[in-house]
Amino acid sequence: FMFESLSRCCVPQEEGLNDVQEIIKTETAFPERRLRGVLEELGAGCNRFMALANKDMNQAGRTRLDRERLKSCMREMVGCIFCHNIFIWMMSNNKRVAYARIPSKDILYSIVDEETGKDCGKVKAAFLRLPGKKGFGPAGWTVQAKLELYLWLGLNKQRKDFLCGLPNGFEETKAARTGPGLQSVPPISLVYNMKQVFQLRAHMYQARSLFAADSSGLSDPFARVFFSSHSQVTEVLSETLCPTWDQLLVFDDVELFGEASELRDDPPIIVVEIYDQDTVGKAEFIGRAFAKPITKMCDEHYGPPRFPPQLEYYQLYRGNNTAGDLLAAFELLQIGQAGKAGLPPIDGPTDPERGPILPVPLGIRPVLSRYRIEVLFWGLRGLKRVNLALVDRPRVDIECAGRGVQSALIQNYKKNPNFSCLVKWFEVDLPENELLHPPLNIRVVDCRAFGRYTLVGSHAVTSLRRFIYSPPDKTSNNWASAGTSFSAVSRQPNMISADIFNKNEKDKRKKKKKKKGEAEEEEETDESTLDWWSKYFASIETHMEVRALYSHLLLTCGWWVYNQELEDEYGNFEDWLHTFNLYRGKAGDDDERALDDDRIVGRFKGSLCMYKVPLSEEITRDAGFDPNMGMFQSIPHNDPINVLVRVYVVRATDLHPADINGKADPYVVIKLGKSDFRDKENYISKQLNPVFGKSFDIEATFPMESMLTVSVYDWDLVGTDDLIGETKIDLENRFYSKHRATCGISSTYSVNGYNVWRDPMKPSQILAKLCKEGKLEAPQYGPGGKVKVANRIFFGAAEIEDESGMKRQTEEHLALTVLRHWEEIPRVGCPLIPEHVETRPLLNPDKPGIEQGRIEMWVDMFSMDMPAPGPAIDISPRKPKSFELRVIIWNTDDVILEDDGFMTGEKMSDIYVRGWLKGQQEDKQDTDVHYHSLTGEGNFNWRFVYPFEYLMAEEKIVISKKESMFSWDETEYKIPARLTLQVWDADHFSADDFLGAIELDLNRFPRGAKTAKQCSINMVRKELQLPTISIFKQKRVKGWWPFVARDENDEIELTGKVEAELHLMTAEEAEKSPVGLGRNEPDPLEKPNRPDTSLMWFLSPLRSIRYFIWHNYRWLILKILGLALLLLMLGVFLYSLPGYLVKKMIGA
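Model, not experiment: these values are computed from the prediction.

## Some remarks on the overall build of the protein chain
Part 1 of the argument: Of the regular secondary structure elements, the protein chain holds 18 helices and 51 strands.
Part 2 of the argument: Contacts in the protein chain between residues far apart in sequence, at least 24 positions, make up 66% of those at least 6 positions apart.

Printed below as a string of structure tokens:
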């Protein structure tokens, strides 16, 4: 019961969310108000549930054991009841033919309303379906039967309430009681004396976006309406996915049982099923919708606001998928004592050709207005064969609400797929409510021999709202004030940019100074070394370190890197030329819906424009208005044009592995028309993120060669190469777009250098052309670096620096400022595409819908009628530069002592230092061993030499090596430039002991301490807070750095110090002044001055013993020697004392 109470709280939420979705779909105002009400209702229901639960648990006299038992009983009841369902079977000849399944929780009864099932004690419709596997798929979606049931499930003690939910007005027929039994048993039958008679009017107006059920890609739809025990069908409309039946279905003498008030508040549901009529076989199911009629009782007035009902959209479902929308209205009218005469009159048929078919009455039918629909016929693209025959003479038919127009016939599709007559129009009566506009059907037919027309494909434009023409409101633009305000705004970004640039430069210079005013540590960035990759790395977010390095470039030469296709950023470039996919063939069900792309048989390029007639005379009076072109003024001709297409492929990322080793050997293939460029020789071995850096020049003729395909293949030594993925670009829409997608607008105008202007037309020429096409006055350049366009003033630089470094006056910067703000120009303005790199997904036809990687690229297009463009930008991958890093290990100090002395037991270590560059572990180098260091001090004077290849822009070391002995090619790796130094304790009969290490990022590492005492562990702990240096700019660094290691508590501790010198040289410099490894020739280092203890004991044991005895026991030896001397002197004294005394006594 508690679970049912909680589930009942969610039912209004589901209904409310459906209402919100419908409000958003119909674009009704303030959907958030309804959503707020739904959430508030859900909160109130949850609060009621919590109060009920707490009341149940806290009843007087309940102990904790009682409460726990209540919880257990609730869990047992839920588990017992909710695991069972109620099945209703329809039998025929003792055979089960259809069934319906009803969850037990939906009909569970409780004395508390919140805990009662949603369908308990109610008359509900149950739809029977086929059992077993027959019930799945299209065959199982058709309803086998509809039952109206009253179901009740409750406890035995509550059996007296099982009829409480039935409609009133019945008499029970009970069975005769044969013995003692239940006091209350269900009756055998119910006889209703109270019944209501109604008339149902189903206003079937139209449907749209129906499921394509025929092989032609169309359907022959008709609708069947079920209500109670009645059903009727509409007429069949041939070959359409958007039928307009405009038909009224009248259900007379519909008997419904129960009280009138109950039927008014909760009328039975209406089931509408759409079928496709086939010539042979039974009709095929398309979709189903459910609706509830608006009920009018005989004592109610037929008038606003409830009547006449308004047309509404009902969603059609085909299984779990949507199958279109139905536009209809349903009203249920009670027949009183006056009979049908008391009902609102039904208008008779207005079209004698339709016979007895009744149209939708005028009060319900939408209010119509006269519209003119202008159609731009541009051309057809990519038409596939029909019945194995090529399409040669196609034609386009446009139809809307029974009216239409036909295009001119293309005489030779292969030679020129464009239409000769561009604009045609027709007038039609359409509803004033834009949401009720009928769809517009586009059909392409092929004219064949003997006057036969074969359907090639079709397209249904379900919504015409985006094609409605709205005249510009010139009164909303105050030209003078707008120009003044924009001039103030347009100056501020330039000033801010300059301030930021100057601030960055000052900050950089401050950071370059040393603390005590010494010489600068770093040199300023040399702009002569910058190239296209500098701009690229300064623009992408994935290279944050490089972005910081070139942060000033963003202010002077920004480059847009789009993370998606350019079409997604600019609305598929359908600003005036739209592309409509043509479909043919039967649509798929369920998961097959994803394969609808296989039904595409071509594309129609054109556009639509609709507006109410008559048109305002202000528009037709405009200068240069061509009445033959209608609203499609100033569009270019569709004659074939020769174009130079320049494709730049930068790199690919996250490619799908194509080889068994989890890698790929990718290369680029470019296809445009008959041109096919395969860069197979330059494949990149074993890379999933290859950098191509290629440009391709292709000459093409639009429209015959306008679909560009960029593919990435995997190179294979044996067999054919595998397609990893491809992307297709419609160049024609880009070429004719007002966004000017032919060549990106640079943020600066330069005549030389890495940021040279790429377009053959200068900014001033582009601006003059745009003003002419937009029927604006020519730009007016004035003194002081300002230009006036469309009564707006823009400011910018008026000087340019030529190749010789001289400054001269120019208008190009001013014109470029206007181009970068072209979207601010009233009426004709739109954003112009900047210099950019777009990121496009790679797809594989064998794996539809699954992205196989992404490719970064861009396309430039230049008309062959214009001046020839300059050479292509060099975007080839940067070649790494050869360097040689020389590291001299001078000394170590305070190295921890790991070993015990063999003879003396003292702590000591046999120290040596190991070093390598990251990624070159196999080239690690070791110093010689400093034996028997008793103080942690070591003397080496040892040189490491590391040659490597380095990319300055990416700050990465480039390593090329074979992954295994069976690899065909070397694989290139890019890794950070880091030097690792380690200190070890050498052991003779066991593995060496690791003592500590230090890793230095060669681009930014802390400066070494001048003395060993100044070297501390804080150089590692506070590395980010200390000033850093780069060996690539400092070239030579010497100092002390700490060795660190982690203890048992995973904390960093100091394990030693090393004095090292780092010297970076280019390969040319290293060749001129070679050095040897260790202390070898050439340029050998002096031998270190090591103490005697550093010698190995088995090479000079006497010397070692002398050192150890004297070093450890010298004071004891001296004391013993002193004591022995005293004892000797005492012995001599005692020995000579008697003789001396005898001599004294005898007087000798």
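## What to know about helix α14 (residues 812-820)
Part 1 of the argument: Summarising burial for α14: eight of the nine residues are buried, a large majority.
Part 2 of the argument: Of the surrounding elements, those touching the buried residues of α14 are α13 (763-773), β31 (780-782), β32 (786-789), β33 (792-795) and β34 (799-801).

## Here's the deal with unusual backbone geometry
Part 1 of the argument: Of note, the bond from P304 into P305 is cis; its omega dihedral lies within 30 degrees of zero at 5°.
Part 2 of the argument: In this fold, P305 is placed in the loop between β13 (294-296) and β14 (312-318).
Part 3 of the argument: For the bond running from F702 to P703, omega is 10°, close enough to zero to count as cis.
Part 4 of the argument: Turning to its location among the elements, P703 is positioned in the loop between β28 (691-702) and β29 (707-714).
Part 5 of the argument: Despite not being glycine, D246 has its phi angle at roughly 50°, a positive value.
Part 6 of the argument: Position of D246 relative to the elements: it lies in strand β10 (residues 244-257).
Part 7 of the argument: Even without a glycine there, the phi angle at S634 is positive, about 60°.
Part 8 of the argument: Position of S634 among the secondary structure elements: in the loop between α11 (617-620) and β25 (641-653).
Part 9 of the argument: What makes S634 exposed here is its relative accessible area of 52%.

## Concerning empty space enclosed by the protein
Part 1 of the argument: Applying the stated criterion to the full structure yields two cavities of 30 Å³ or more.
Part 2 of the argument: Empty space within the largest cavity amounts to approximately 50 Å³.
Part 3 of the argument: Contributing to the lining of the largest cavity are L218, E239, T240, L241, N441, I442, R443, S458, H459 and A460.
Part 4 of the argument: Of all the secondary structure elements, the ones that give two or more residues to the lining of the largest cavity are β20 (440-447) and β21 (453-461).
Part 5 of the argument: Counted by class, the lining of the largest cavity contains four nonpolar, four polar and two charged residues.

## Describing the sheet that holds β33
Part 1 of the argument: What the three strands build is an open sheet, ordered β31-β32-β33; its pairing is antiparallel. Strand pairing shows two members of the sheet lacking a second neighbour, β31 and β33, which therefore form its edges. Averaged over all adjacent pairs, the angle separating strand axes in this sheet is 25°, with direction ignored.
Part 2 of the argument: Where β31 and β32 come together, three bridges link them in antiparallel fashion. Bridge pairing in β32 places G782 opposite K786.

## Here's the deal with the nonpolar core
Part 1 of the argument: Ranked by internal contacts, the top residues of the largest apolar core, which has 43 residues, are V645, V649, I670, F702, L708 and L731.
Part 2 of the argument: Sort the elements by how many residues they give to this core and β25 lands first, with six residues.
Part 3 of the argument: Apart from the residues lying within four places of it in its own chain, the contact partners of V645 are L672, F696, D697, I698, A700, F702, L731, V859, D860 and M861.
Part 4 of the argument: Within the second largest apolar cluster, 40 residues are counted, among which are L885, F940, A1009 and I1031.

## A closer look at the UniProt feature "transmembrane region" (unreviewed entry) in the protein chain
Part 1 of the argument: Per the UniProt record, "transmembrane region" (unreviewed entry) is annotated on residues 1113-1135.
Part 2 of the argument: Between the end C-alpha atoms of residues 1113-1135 the distance is 32 Å, and the span holds 100% helix and 0% strand.

## Description of the pairing of strand β8 (residues 221-227)
Part 1 of the argument: Among the seven residues that make up β8, five are buried, leaving the element largely enclosed by the rest of the structure.
Part 2 of the argument: In this structure, β8 lies alongside strand β11 (residues 270-276), joined through six bridges in antiparallel fashion. Residue pairing across strands places A223 opposite I274, the latter belonging to β11.
Part 3 of the argument: Inspection of the sheet shows β8 paired to strand β9 (residues 230-233) by four bridges, in the antiparallel sense. Within β9, the residue paired with R224 across the bridge is V233.

## So, the confidence of the model for the protein chain
Part 1 of the argument: Chain-level statistics for the protein chain give a pLDDT mean of 82 and a share of 83% at 70 or above.
Part 2 of the argument: In the model, residues 475-525 has pLDDT below 50 throughout and makes 50 contacts with residues more than four positions away in sequence or in other chains.
Part 3 of the argument: Per-residue pLDDT stays below 50 along residues 542-557; that stretch engages in 45 contacts with residues further than four places along the chain or on separate chains.

## A word on the pattern of salt bridges
Part 1 of the argument: Under the counting rule described, the total for this entry stands at 50 salt bridges.
Part 2 of the argument: A salt bridge links D246 to R365, with the nearest nitrogen and oxygen atoms 2.7 Å apart. With D246 in strand β10 and R365 in the loop between β15 (321-334) and β16 (368-381), this pair connects stretches of sequence that are 119 residues apart.
Part 3 of the argument: Given the relative accessible area of 18%, R365 is considered buried.

## Some remarks on the packing of α13 against α14
Part 1 of the argument: It is at 8 Å that the axes of α13 and α14 come closest, and there the two elements cross at 45°. Classified by the angle their axes make, α13 and α14 are oblique. For the crossing formed where α13 meets α14, the hand is left-handed. Along its contact with α13, which presents P763, S764, I766, L767 and L770, the element α14 presents E812, A815, L816, V818 and L819.
Part 2 of the argument: Its residues assigned to classes, the contact of α13 with α14 shows eight nonpolar, one polar and one charged.

## Details of α13
Part 1 of the argument: All of the buried residues along α13 are P763, S764, I766, L767, L770 and C771. In a view along the axis of α13, the buried residues occupy a sector of 160°, so they form one face of it.
Part 2 of the argument: As for α13, its buried residues are in contact with β31, β32 and α14.
Part 3 of the argument: Once α13 ends, the next one or two residues include K775, with phi positive near 55°.

## A look at the packing of aromatic side chains
Part 1 of the argument: Per the counting criterion, the structure on display carries 41 aromatic pairs.
Part 2 of the argument: Summarising the aromatic geometry, the rings of F222 and Y275 are spaced 5.8 Å apart at their centres and angled 20° between planes, so their arrangement reads as stacked. In this pair, F222 is assigned in strand β8 and Y275 in strand β11, connecting sequence segments 53 residues apart.
Part 3 of the argument: Classification of Y275 by relative accessible area gives buried; the value is 6%.
Part 4 of the argument: Ring centres 4.2 Å apart and planes at 10° place the aromatic pair Y648 and W858 in the stacked group. Here Y648 is found in strand β25, whereas its partner W858 is found in strand β37 (residues 847-863), with 210 residues between them in sequence.

## Topic: the pairing of β29
Part 1 of the argument: Most of β29 is tucked away: seven of the eight residues are buried.
Part 2 of the argument: With eight bridges joining them, β29 and strand β30 (residues 722-730) adopt antiparallel strand pairing. Across the sheet, residue M707 finds its bridge partner in β30, namely D730.

Definitions and limits used
- Residues numbered from 1 in each chain as written.
- Predicted model: local features only at pLDDT ≥ 70, side-chain atom pairs only at ≥ 80, totals over all residues.
- Heavy atoms only, no water.
- Helix = DSSP H or I, 4+ residues; strand = E, 2+ residues; numbered from the N terminus.
- Contact = heavy atoms within 4.5 Å.
- Buried < 20%, exposed > 50% of the residue type's maximum accessible area, 1.4 Å probe, protein only.
- 1 Å grid on protein atoms, 1.4 Å probe; cavity = no way out; pocket = protein on both sides within 12 Å on 5 of 7 lines; lining within 4 Å.
- Points joined across faces, edges and corners; volume = space filled by probe spheres on them.
- Nonpolar A, V, L, I, M, F, W, Y, C, P; charged D, E, K, R; others polar.
- Pairing = 2+ DSSP bridges.
- Axes fitted to C-alpha atoms, helices over the stretch in contact; angles between N-to-C directions.
- Core = buried A, V, L, I, M, F, W, Y, C linked by side-chain atoms within 4.5 Å.
- UniProt positions renumbered as here; feature names shortened; annotations may be inferred.
- pLDDT = per-residue confidence, 0-100.
- Salt bridge = Lys/Arg side-chain N within 4 Å of Asp/Glu carboxyl O.
- Parallel < 35°, antiparallel > 145°, perpendicular 65-115°, else oblique.
- Left-handed = near helix turned anticlockwise from the far one by under 90°.
- Arc of directions from axis to C-beta.
- Phe/Tyr/Trp six-rings, centres within 6.5 Å; stacked < 30°, edge-to-face > 60°.

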